Amino acid sequence: MQEKLKIEQEKLKREQEKLKRELKKEQEKLKREQEKLEKLKKLKREQEKLKKLKREQEKLKRDQEKLEPEPETILHVVTEDATQAGLLGRAILSNRLPFLNSTSFDSFVIKIGCSSVMLGGQSPPGSRILYLAGINYQEMDWIYSLTKITDAIKLLDCNEIKYLVNTLECTTKCIWNGDAKLNSLCNLKRVSVSGCFKLRQVFPSALLQSLVSLEHIEIDVCDSLEEIFEKEKEEDHQENEIVSLKIDHTATSPCLGNLVFIKISECHKLKNLFTPSIVKGLVHLRTLEVKLCSTLEEIISDEKAETGGSTERITFPCLYRIDLRGLDSLTCFCARRCTIEFPALELLDIKKCPKMETFGRGNQVTPNLVNRIHLDGQKRWTNNLNITLQQFFKERQIVFEQYKQQNNHSRAYAM
C-alpha cells in the first residue's frame, strides 16, 4: 500500500514539475509578447512624432508661400498666330526691357506664345520665369536679353528650334544668337523643354562654365534630341587658341555644381546622357529620372573609347534616387570598366529595361542601397548591385524561354 502511495506521489510530483515548466514557458512567452507590444507602442509614438513634424513642416512651407507672393505676370502676349506673338513680344520688350533691367523685381513671369498652346499653371514663389510657347525661331533673336533677368526658362511646342544655344557649327534655328562662348547664363536655375520636336542639343560645351546656378533640368517629347550636354572637341580649343591640349571644363570649374534634379523622357535619339567628365561636375545631383527613351544605350558614355582619356573612378556624392523605365535599348548604367560610387543612393527603380543585364562593367559601391532596389516592381537584393541585376536578368530569360516553349507547344497541339 505504501509503495503504491509512493508511486502516486512521484507521479504527482512529475505532473507538478511539468505544469511548472509549462507555466514558465507561458510566462516567458507572455513576457516576449509584452516586450513586443512595448516596442510597437514605442514605434507608434515615434511615427506620431514624425507625422506631427511633417504637419509642422507642411504648415511652415504654406506660411512661407504666403509670405512669398506668386510671381506677377508683368508681360503676357497671347495670340492665335505664333509669328504675331513673337513680333508683339519684341515690340513690347523693346520699350519694357530698360524698365525691367533698372527695377528690382523679387519675382515675375513673362509669357509669350500662341493661344493654341497652354501657358497656364502655377509658378513657384520667388521665381523669375520666361514662358515661350509655339514661337517660330525667326522671331526669337531678342530672347537672349531676357535670359539676363530670368532664372527659369520653359519652352513648349517651339517646333522649329534645333539648338537651344547656337555654337560655331550651329548658326540658325536657335534661341540665343551670337557666339555661345560669350553668352552667360549664370542666373539660370531651371530649364524645362517639352514638345520641341526638332531640338538636337541643349547645352554646348562652351557654355557649361556659365551654368553655375542651374538646379533643375526637365526635357520631354523631343524626338530629335541627340545630346543634352555637348561633348567637347579638341579642335574647338585649337581653333580658338584657348589651350593646345584638351581641357575638361567640368573638372576645372564649378559648372553644374548646383544641379540637383534631372528628368528626361520620350527623347528617342539619345544614345547616352553624360560623359565621365560631365559627371565630375554633378556633385549635388540628388534625383535622376530617365523614361521612355527607346535608343538610350547607357547613362554614362565610354569617354575613354572616344577621347583616349582615362577615368578609374566615378562618384555621385549626393545621388539619392535613380528611376529608369521603359528604356528598350539600355544595356547598363555605364559600359566602362571603372568603379562607380553611390554613397547616398537609397532608392533604385528599374522597370521595363529588357536588355539591362548588369548595372555596370566595373565595381558598384552602394552602401545604403540594401533592400531598396525594385526591378519590374519586385524588391530584390543579393548584397551586390551587379549580381542582383544579373540574377534577375537570368530569371527573366528563363521565364521568357518557358513562355516561348509553351506557346510553341500550344501551336503544335492546335495544328
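About the thresholds
Residues numbered from 1 in each chain as written. Predicted model: local features only at pLDDT ≥ 70, side-chain atom pairs only at ≥ 80, totals over all residues. Heavy atoms only, no water. Helix = DSSP H or I, 4+ residues; strand = E, 2+ residues; numbered from the N terminus. Buried < 20%, exposed > 50% of the residue type's maximum accessible area, 1.4 Å probe, protein only. Contact = heavy atoms within 4.5 Å. Areas by Shrake-Rupley, 256 points an atom, 1.4 Å probe, with all protein chains shown as cover. Core = buried A, V, L, I, M, F, W, Y, C linked by side-chain atoms within 4.5 Å. Phe/Tyr/Trp six-rings, centres within 6.5 Å; stacked < 30°, edge-to-face > 60°. Patch = residues over 30% accessible without salt bridge, like charges linked within 9 Å, V, L, I, M, F, W, Y side chains within 5 Å. Salt bridge = Lys/Arg side-chain N within 4 Å of Asp/Glu carboxyl O. Pairing = 2+ DSSP bridges. Polar contact = N/O pair within 3.5 Å; in protein donor to acceptor, adjacent residues only side chain to side chain. pLDDT = per-residue confidence, 0-100.

A. The overall build of the protein, seen in detail. Per the secondary structure count, the protein includes eight helices and 21 strands. The buried share among the 415 residues of the protein stands at 40%. Taking the contacts inside the protein whose residues are at least 6 apart along the sequence as the reference set, 72% of them involve residues at least 24 apart. Within the structure as shown, the protein displays about 24,000 Å² of accessible surface, and the carbon and sulfur contribution to it stands at 50%.

B. Highlighting the nonpolar core. The biggest cluster of nonpolar side chains holds 70 residues, and the ones touching the most others in it are Phe203, Ile299, Phe316 and Phe333. Among the elements that take part in this core, helix H8 (residues 385-414) stands out by supplying three residues, more than any other. Not counting the four nearest positions on each side in its chain, Phe333 is found in contact with Leu288, Glu298, Ile299, Ile300, Phe316, Ile322, Ile340, Phe342, Met356 and Phe359.

C. Up close: the packing of aromatic side chains. This structure, assessed with the given rule, holds seven aromatic pairs. Geometrically, the ring pair formed by Phe229 and Phe274 is tilted, given 6.3 Å between the ring centres and 35 degrees between the ring planes. Linking Phe229 in strand E10 (residues 227-229) with Phe274 in the loop between strand E11 (261-265) and helix H6 (276-279), this pair joins segments that are 45 residues apart in sequence. Judged by its relative accessible area of 4%, Phe229 falls in the buried class. What links up through ring pairs into an aromatic cluster is the set Phe316, Phe333, Phe342 and Phe359.

D. Quick look at the environment of Asn371. Tracing the backbone shows Asn371 in the loop between strand E19 (364-365) and strand E20 (373-375). Linking Asn371 and Asn383, residues 12 residues apart in sequence, is a C-alpha distance of 8.7 Å. Contact partners of Asn371, with chain neighbours within four places excluded, come to Lys379 and Trp381.

E. Main features of a nonpolar patch on the surface. There is a patch of nonpolar side chains on the surface, built from Leu37, Leu40 and Leu43 and spanning about 280 Å² of accessible area. Considering the arrangement of structural elements, one finds Leu37 in helix H1 (residues 2-67).

F. Spotlight on the sheet that holds strand E17 (residues 339-341). The strand order across the open sheet built from three strands is E14-E17-E19, with neighbouring strands paired in parallel fashion. The open sheet has two edge strands, strand E14 (313-315) and E19, and neither has a second partner.

G. How the structure looks around the pairing of strand E9 (residues 216-220). Of all five residues making up E9, four are buried, and the element is well covered by its neighbours. Sheet topology places E9 next to E11; five bridges connect them, and they run parallel. Along E11, the bridge assignment pairs Ile219 with Ile264.

H. Seen up close, the pattern of salt bridges. The tally for this structure, following the rule as stated, stands at 10 salt bridges. A salt bridge links Glu289 to Lys291, with the nearest nitrogen and oxygen atoms 3.8 Å apart. A relative accessible area of 8% places Glu289 in the buried class. When the shortest N-O distance is used, the salt bridge between Arg313 and Glu341 registers 2.3 Å. Within this pair, whereas Arg313 is found in strand E14, its partner Glu341 is found in strand E17, the two being separated by 28 residues in sequence. Given a relative accessible area of 49%, Arg313 falls into the partly exposed group. Here the salt bridges do not stand alone but share partners, grouping Glu289, Lys291, Arg321, Asp323, Arg325 and Asp349 into one network.

I. Geometry of the side chain of Arg380. Relative to the assigned elements, Arg380 resides in strand E21 (residues 378-380). Side-chain polar atoms of Arg380 contact the side chain of Gln378, separated by 3.4 Å. For Arg380, the contacting residues outside a window of four places in its chain are Ile373, Leu375, Thr388, Gln391, Phe392 and Glu395.

J. Looking closely at unusual backbone geometry. Look at Val221: it is not a glycine, yet its phi comes out positive at around 55 degrees. With a relative accessible area of 24%, Val221 lands in the partly exposed category. Despite not being glycine, Asn383 shows a phi value in the positive range, around 70 degrees. Take Asn383: it is sitting in the loop between E21 and H8.

K. Inspection of the confidence of the model for the protein at higher detail. Within the protein, residue pLDDT values average 76, and 67% of them lie at 70 or more. In this model, residues 167-172 is a region of pLDDT below 50 whose contacts with residues beyond four sequence positions or in other chains number 14 contacts. For residues 305-310, every residue scores under 50 in pLDDT, and the model assigns this stretch seven contacts once sequence neighbours within four places are set aside.

L. Representation of the pairing of strand E18 (residues 347-351) in the model. Here E18 shows a buried face lined by Leu348 and Ile350 and an unburied face lined by Leu347, Asp349 and Lys351. Where strand E15 (residues 321-325) meets E18, five bridges bridge the pair, whose relative direction is parallel. In the strand pairing of E18, Asp323 is matched with Asp349. Pairing between E18 and E20: three bridges, direction parallel. Opposite Leu348, over in E20, you have Ile373 as the bridge partner.

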